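# Observations on chain architecture
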Amino acid sequence: MIIAISVGACYDLKLSYSEAIRFIQKQNVDGIELLFATPKDLLDFDFEKDCLEFIQSLKFKSIHMPFHEIEYTNNLVTKKVIEKGSRIARKINADYLVFHPNTIKDYSVLDYDFKNCVENLNSKEHNKGFQTVQDLKKLLEKNPLLGLVIDTCHSIESNINPKDFLELKDKIRGLHLAVQWKQGERTRTHGFLQENPEQLEQIKTLLKLDVPKVIEVDIYPEKIAMIEKEIELIKLN
């Protein structure tokens, strides 16, 4: 079983990008997902030597392409972003690149020298059409070269049982793992699986799939001690 952590999970630790990579290096995982929220984040990025060597040594690497401040279409910004993503993917031998499908207006601009994936999105209005099993099924039928990454937290936010996506299991290339959690009376997203046993039960069938499991929780400083248990929990299920 391959377990990875997204660099995006380290956002609330207030680390630089390289520090986040080094933080993940200290955890007992087999892979990493390099997440870039905006085109600027990606275009400004460059590896520090030790970080590149660490990532190259891993069994699994993926790139979460920008999902804010961009529409993937035939324009200069898209061209620069795709070219930079491809250079990074080549350098680390990435297993796939994952996109938010609501940002893609023209699928022909993607670099099909690499495996490109889309993920199911949450229940926000601007994500309509990219949330349900049927939404993603239609998209994948129209674009058969694409793979699928299932985001369990997005599924739960959309009131869809994550296991329903097993209908598309031949297309699933990875999982983004998180659930909802309670902070007082407030329901928050991107929680650890251990924080919501009921929702963990909903995704157990997905955890049996032979695909990389990417931990995509919000790691607050006070939650660092939970990472080891989270990894063991994923392995046990």
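Relevant structure appears above.
Residues numbered from 1 in each chain as written. Predicted model: local features only at pLDDT ≥ 70, side-chain atom pairs only at ≥ 80, totals over all residues. Heavy atoms only, no water.

Attention now moves to the side chain of glutamate 157. Position of glutamate 157 among the secondary structure elements: in helix 6 (residues 152-157). Of the side chains bearing the opposite charge, lysine 124 lies closest to the buried glutamate 157, which forms no salt bridge; the N-O distance is 6.4 Å. In contact with glutamate 157, other than residues within four places in its own chain, are Asn122, Ser123, Gln180 and Thr189. (Helix = DSSP H or I, 4+ residues; strand = E, 2+ residues; numbered from the N terminus. Buried < 20%, exposed > 50% of the residue type's maximum accessible area, 1.4 Å probe, protein only. Lys, Arg positive; Asp, Glu negative; His and termini not counted. Salt bridge = Lys/Arg side-chain N within 4 Å of Asp/Glu carboxyl O. Contact = heavy atoms within 4.5 Å.)

Neither face of strand 4 (residues 96-99) is exposed, since Tyr96 and Val98 on one face and Leu97 and Phe99 on the opposite face are all buried. Assessed by its sense of winding, the connection that carries the chain from strand 3 (residues 60-64) through helix 4 (residues 76-92) to strand 4 is right-handed. Pairing geometry for strand 4 and strand 5 (residues 116-119), over three bridges, is parallel. When the bridges of strand 5 are listed, phenylalanine 99 appears paired with valine 118. (Right-handed = clockwise from strand over helix to strand, strands pointing away. Pairing = 2+ DSSP bridges.)

Note on sheets: strands pair through backbone hydrogen bonds, and any given pair is parallel or antiparallel. Strand order in the closed barrel made by the eight strands is 1-2-3-4-5-6-7-10, with parallel pairing throughout. Neighbouring strand axes in the sheet, compared pairwise and without regard to direction, differ in orientation by 25° on average. By the bridge criterion, four bridges tie strand 6 (residues 147-151) to strand 7 (residues 172-177) in an arrangement that is parallel. Within strand 7, the residue paired with leucine 148 across the bridge is isoleucine 172. Sheet contacts for helix 1 (residues 17-25): strand 1 (3-6) and strand 2 (31-35); angle to strand 2, the most-contacted strand, approximately 160°. Along the sheet, helix 5 (residues 133-142) contacts strand 5 and strand 6; its crossing angle with strand 5, the most-contacted strand, is approximately 160°. (Axes fitted to C-alpha atoms, helices over the stretch in contact; angles between N-to-C directions.)

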